Amino acid sequence: QVQLVESGGGLVQPGGSLRLSCAAAGSVSIDAMAFMAWHRQAPGKQRELVATFSRWGTTNYLDNVKGRFTIYSDHAKNTVYLQMNSLQPEDTAVYYCYAHYSVTDYWGQGTQVTVSS
């Protein structure tokens, strides 16, 4: 069983930064997961994939976050992070952590990110 616990959301001004954390609770290491990702969903919009991180170390990003967002892991803490810089109002959304492990998809509860002056 995998539990994903997110933290780090909040209110930030345009141009600011936030770091989201996704801790994998339980006995499963993030090393065992085929890949992990961050998605987001803004009000009235579909959920979209923001960034992925595979067990082989490859990463991919949504075009409009490239160069601003970075996904990375800390294996000692069993945690995946999303560092978000140069935030813009259009980045406002609920951000969800996702993991794929043993043919099953797991989701976190979501954390709100609001970019506003």
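Quick caveat, the model's predicted, so the values are computed rather than measured.

Peer 1: Help me understand the overall build of the protein, please; the structure alone is not making it clear to me.
Peer 2: Each helix and strand in the protein was counted, giving zero helices and 11 strands. Going from N to C terminus, the protein has its helices and strands arranged as β-β-β-β-β-β-β-β-β-β-β. Relative to its length of 117 residues, the protein is compact, with a C-alpha radius of gyration of 13 Å against a globular reference of 13 Å. The C-alpha extent of the protein, read off along each of the three principal axes, is 40 × 25 × 25 Å. Counting only residues that meet the buried cut, the protein has 43% of its 117 residues in that class. In the protein, 8 side chains carry a positive charge and 8 a negative one; their mean positions are 2 Å apart.

Peer 1: Is there a simple way to think about unusual backbone geometry in this case?
Peer 2: Both trends apply: most residues other than glycine have a negative phi, and most peptide bonds are in trans. At Asn 78, a residue that is not glycine, the phi angle is positive and equals roughly 55 degrees. Looking at the secondary structure, you find Asn 78 in the loop between strand 7 (69-74) and strand 8 (79-84). Asn 78 gets classed as buried once you look at its relative accessible area, which sits at 14%. Even without being glycine, Ser 102 reaches a positive phi, approximately 50 degrees. Secondary-structure assignment places Ser 102 in the loop between strand 9 (93-101) and strand 10 (104-107).

Peer 1: Sorry, what's going on with the environment of Gly 26 here?
Peer 2: Note that Gly 26 resides in the loop between strand 3 (18-25) and strand 4 (35-41). Note on Gly 26: relative accessible area 62%, which makes it exposed. Sequence-wise, Gly 26 and Val 2 are 24 residues apart; in three dimensions their C-alpha atoms are separated by 6.1 Å.

Peer 1: Help me understand the side chain of Asp 91 in this model?
Peer 2: Relative to the elements of secondary structure, Asp 91 occurs in the loop between strand 8 and strand 9. For Asp 91, a relative accessible area of 1% gives the class buried. At 2.8 Å, the side chain of Asp 91 and the side chain of Arg 68 are in polar contact. Setting aside its immediate chain neighbours within four residues, Asp 91 contacts Arg 40, Arg 68, Phe 69, Ser 86, Val 113 and Val 115.

The rules behind the values
- Residues numbered from 1 in each chain as written.
- Predicted model: local features only at pLDDT ≥ 70, side-chain atom pairs only at ≥ 80, totals over all residues.
- Heavy atoms only, no water.
- Helix = DSSP H or I, 4+ residues; strand = E, 2+ residues; numbered from the N terminus.
- Rg over C-alpha atoms; globule rule 2.2 N^0.38 Å.
- Buried < 20%, exposed > 50% of the residue type's maximum accessible area, 1.4 Å probe, protein only.
- Lys, Arg positive; Asp, Glu negative; His and termini not counted.
- Charge placed at Lys NZ, Arg CZ, Asp CG, Glu CD.
- Polar contact = N/O pair within 3.5 Å; in protein donor to acceptor, adjacent residues only side chain to side chain.
- Contact = heavy atoms within 4.5 Å.

By themselves, these observations are geometric and do not establish any function.
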